[in-house]
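# Reading the structure
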Amino acid sequence: MLALNILRLVERSVLVVTFLTMVALYFTSVIVREMGGQAASSFAWIEEAVRMLNLFMVFLGLGLALERGRHVGIRNLRDKLPDGVRRMLLKVTDIAGLVFALYIAWLGFGLAQFVLGTGQRSPTLGVPMGMIYMAPVAGFALLALRYGLSLFGVIDRFAEAEDVE
């Protein structure tokens with residue numbers, strides 16, 4: 001559980017720092033455009049950086065959102081099922097989610113390797129485009145981890161969801 005708590009802390013910290021960085025960069029971009037005149041063109045990289053940070057923020061938040069019960073789901077039928085059937089349905093859901101998330105992470109990794117092999121770089125930042133394709137890989141790997149933890153009873157992702165209305 002200590003490792004899971006450390007992972008949660010790291011994920012939250014990375015998400016908060018990423019969001020605050022995006023806000024600061026975009027704020028700077030607006031100020032420079034309003035006051036900077038010719039200097040504004042030298043800050044064109046900010047738009048691309050904010051888009052990339054947003055991409056990583058969305059994908060890195062997948063695991064935390066699942067663990068907290070924030071993914072979209074229909075609970076009406078699930079809540080009306082008998083206890084034994086409901087538990088089995090939740091396990092099947094966790095297995096399907098685990099398999100799907102691992103498959104998407106695997107496909108994403110292959111795609112990232114392919115794009116890295118092309119040598120393609122982003123236009124203004126010069127970041128290898130394959131690194132950008134690692135966002136879904138990391139996000140779906142974290143999602144698969146949470147599905148696996150739920151499957152084996154380490155976390156109860158459904159208990160948290162029932163508290164939220």
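Details of the structure are given in the entry above.
Residues numbered from 1 in each chain as written. Predicted model: local features only at pLDDT ≥ 70, side-chain atom pairs only at ≥ 80, totals over all residues. Heavy atoms only, no water.

### Quick notes on the layout of surface pockets
Computed from the structure, the second largest pocket encloses a volume of approximately 180 Å³. Forming the boundary of the second largest pocket are 13 residues, of which R87, L90, D156, F158 and A159 lie nearest the centre. Within the residue set of the lining of the second largest pocket, elements represented by two or more residues are helix 5 (83-118) and helix 8 (157-163). Top element by residues in the lining of the second largest pocket is helix 5. It accounts for five residues. A per-class count over the lining of the second largest pocket returns four nonpolar, two polar and seven charged. (1 Å grid on protein atoms, 1.4 Å probe; cavity = no way out; pocket = protein on both sides within 12 Å on 5 of 7 lines; lining within 4 Å. Points joined across faces, edges and corners; volume = space filled by probe spheres on them. Helix = DSSP H or I, 4+ residues; strand = E, 2+ residues; numbered from the N terminus. Nonpolar A, V, L, I, M, F, W, Y, C, P; charged D, E, K, R; others polar.)

### As for the packing of aromatic side chains
What describes a pair of aromatic rings is the distance from one ring centre to the other and the angle between the planes of the rings. Scanning the model with the defined rule gives three aromatic pairs in all. Judged by centre distance (6.4 Å) and plane angle (80°), the rings of F100 and F140 are edge-to-face. Of the two residues, F100 is situated in helix 5 and F140 in helix 7 (residues 134-151); the sequence distance between them amounts to 40 residues. Under the relative-accessibility criterion, F140 is labelled buried at 14%. Among the aromatic residues, those joined into a ring-pair cluster are F59, F100 and F140. (Phe/Tyr/Trp six-rings, centres within 6.5 Å; stacked < 30°, edge-to-face > 60°. Buried < 20%, exposed > 50% of the residue type's maximum accessible area, 1.4 Å probe, protein only.)

### What to know about the environment of L107
Mapped onto the elements of the fold, L107 is located in helix 5. The exposure class of L107 is partly exposed, given its relative accessible area of 37%.

### Re the packing of helix 5 against helix 7
Orientation of helix 5 relative to helix 7, taken along the N-to-C sense of each, is 160°, at an axis distance of 8 Å. Compared by their axis directions, helix 5 and helix 7 come out roughly antiparallel. The handedness of the crossing between helix 5 and helix 7 is left-handed. Per-class residue counts for the contact of helix 5 with helix 7 are 17 nonpolar, five polar and two charged. (Axes fitted to C-alpha atoms, helices over the stretch in contact; angles between N-to-C directions. Parallel < 35°, antiparallel > 145°, perpendicular 65-115°, else oblique. Left-handed = near helix turned anticlockwise from the far one by under 90°.)

### Topic: the pattern of salt bridges
A pair can form between side chains of opposite charge whenever their charged atoms are brought close. Across all of its chains, the model carries eight salt bridges by this definition. The residue R8 makes a salt bridge to E67 at a minimum N-O spacing of 2.3 Å. Placement of the pair is R8 in helix 1 (residues 2-35) and E67 in helix 3 (residues 62-67), with a sequence separation of 59 residues. Under the relative-accessibility criterion, R8 is labelled buried at 14%. Judged by relative accessible area, E67 falls into the buried class, the value being 11%. Linking R87 and D83 is a salt bridge whose minimum nitrogen-to-oxygen distance equals 3.3 Å. (Salt bridge = Lys/Arg side-chain N within 4 Å of Asp/Glu carboxyl O.)

Just geometry here; none of it tells us what the structure is for.
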